[in-house]
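What follows is the residue order along each chain.
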Amino acid sequence: LVVGNQLPGTSALAAAFAERPAVKKAENVKVAKERPRELPSLSSAYDPFQLVILNGTSLEDAPPGALAALSKWVEAGGTLAVFPGPEWASGLPEPFWKLLHVRPAAEQPLPEPLAARIGPASQRGAYRPLAPGEDTRELEGGLAFTSPHGAGTVTVFTFGPAGAASDGGLRP
């Protein structure tokens, strides 16, 4: 499930998951898109999904109870991946930061090593410096942070591609 107010094409995402050994065929990968205001307030509504991706959203438009339901789903074993976006500039609610297990760090430009790794897409995305919370591990030189959340996992990226760049990948 991909959640955001500006939803990118998902063909590259579906193709990437289709290459995983656990996925036998590309047609087994189903990608659903929702706007934050359409998110459910019941954690069981997320049960059909293996992964929820928050794409640049602050969930400010989400209905009451939606963030708590998402958190409960992750605690029960769900996997959440979060990418920053322009909506993050106005700040995020405290319960959202608690779910992410990270905190905002001092504003700074995208560090050159990360820009080089991301490639041309680094010119068209959103970068948000983050500081790890308790039990949070830094990945790929600060490109992401991952932490357990109950039986589930939350991975927060410091860079979120925008527009056409969202169908691109990272450089090795």
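See the structure shown above.
Figured I'd write up the structure that's included with this text. Within each chain, residues carry numbers counting from 1 in the order of the written sequence. Local features in this predicted model are restricted to residues of pLDDT 70 or higher, and side-chain atom pairs are both shown and tallied only at a pLDDT of 80 or more, whereas totals for entire chains, interfaces and linings draw on every residue. Computation of side-chain values covers all heavy atoms of the structure but excludes hydrogens and water.

## Comments concerning the pattern of salt bridges
Close approach of charged atoms lets side chains of opposite charge pair. Criterion for a salt bridge: a side-chain nitrogen of Lys or Arg within 4 Å of a carboxyl oxygen of Asp or Glu. Under the definition given, this model contains 3 salt bridges. Here Glu94 makes a salt bridge to Arg103, at a shortest N to O gap of 2.6 Å. Arg103 sits in the partly exposed class, given a relative accessible area of 38%. Here Arg117 and Glu140 are joined by a salt bridge, their closest N and O atoms 3.1 Å apart. With Arg117 in helix α4 (residues 112–118) and Glu140 in the loop between β8 (137–139) and β9 (144–149), this pair connects stretches of sequence that are 23 residues apart. Buried means the residue's accessible area, taken with a 1.4 Å probe over protein chains only, is under 20% of the maximum for its type, while exposed means over 50%, and partly exposed covers the values in between. According to the relative accessible area criterion, Arg117 is partly exposed, its value standing at 24%. Helix and strand assignments come from DSSP, with helices taken as H or I runs of at least 4 residues and strands as E runs of at least 2, each series counted from the N terminus.

## Some thoughts on unusual backbone geometry
Residues other than glycine predominantly adopt negative phi, and peptide bonds predominantly adopt the trans conformation. Of note in the backbone geometry, Leu59 takes a positive phi value of approximately 60° without being a glycine. Among the residues examined, Leu59 registers a relative accessible area of 8% and is labelled buried. In the Ramachandran plot, Asp135 falls in the positive-phi region, its phi being about 65° despite a non-glycine side chain.

## A word on the sheet that holds strand β10 (residues 152–157)
Paired strands, in this sense, are two strands between which DSSP finds at least two bridges. Strand order across the open sheet formed by 7 strands is β2-β1-β3-β4-β10-β9-β8, with mixed pairing between neighbours. Since the sheet does not close on itself, it has two edges, and those belong to β2 (33–34) and β8, each with one partner. Relative to β10, β9 is paired through 6 bridges, and the arrangement is antiparallel. Counted as the bridge partner of Thr146 is Thr155 from β10.

## Focus on the pairing of β10
With 4 bridges connecting them, strand β4 (residues 79–83) and β10 associate as parallel partners. Note on β10: the bridge partner recorded for Val82 is Val156. Linking β9 back to β10 in an antiparallel pair, the connection comprises 2 residues, with Gly150 at a positive phi of about 65°.

## Let's talk about the environment of Gly65
Along the polypeptide, Gly65 turns up in the loop between β3 (51–55) and α2 (66–75). Spatially, the C-alpha atom of Gly65 lies 7.9 Å from that of Pro40, the residues being 25 residues apart in sequence.

## Regarding the packing of aromatic side chains
Only rings of Phe, Tyr and Trp enter the pairing, Trp through its six-membered ring, and a pair is recorded when the two centres are within 6.5 Å. The plane angle decides the type: under 30 degrees is stacked, over 60 is edge-to-face, the rest tilted. Summed over all chains, the structure comprises 4 aromatic pairs. Look at Tyr46 and Trp73: their rings are 5.9 Å apart centre to centre, the planes differ by 40°, and that puts the pair in the tilted class. Of this pair, Tyr46 sits in the loop between β2 and β3 while Trp73 sits in helix α2, and the two are 27 residues apart along the sequence. Aromatic pair Phe83 and Phe157: ring centres 4.4 Å apart, planes at 5°, arrangement stacked. Here Phe157 lies in strand β10 and Phe83 lies in strand β4, a separation of 74 residues in the sequence. Of the aromatic side chains, those joined through ring pairs into one cluster are Trp88, Phe96 and Trp97.

## Some words on α2
In terms of burial, α2 is largely enclosed, as 7 of its 10 residues are buried. Positive phi shows up at Gly77, right after α2, with a value of about 125°.

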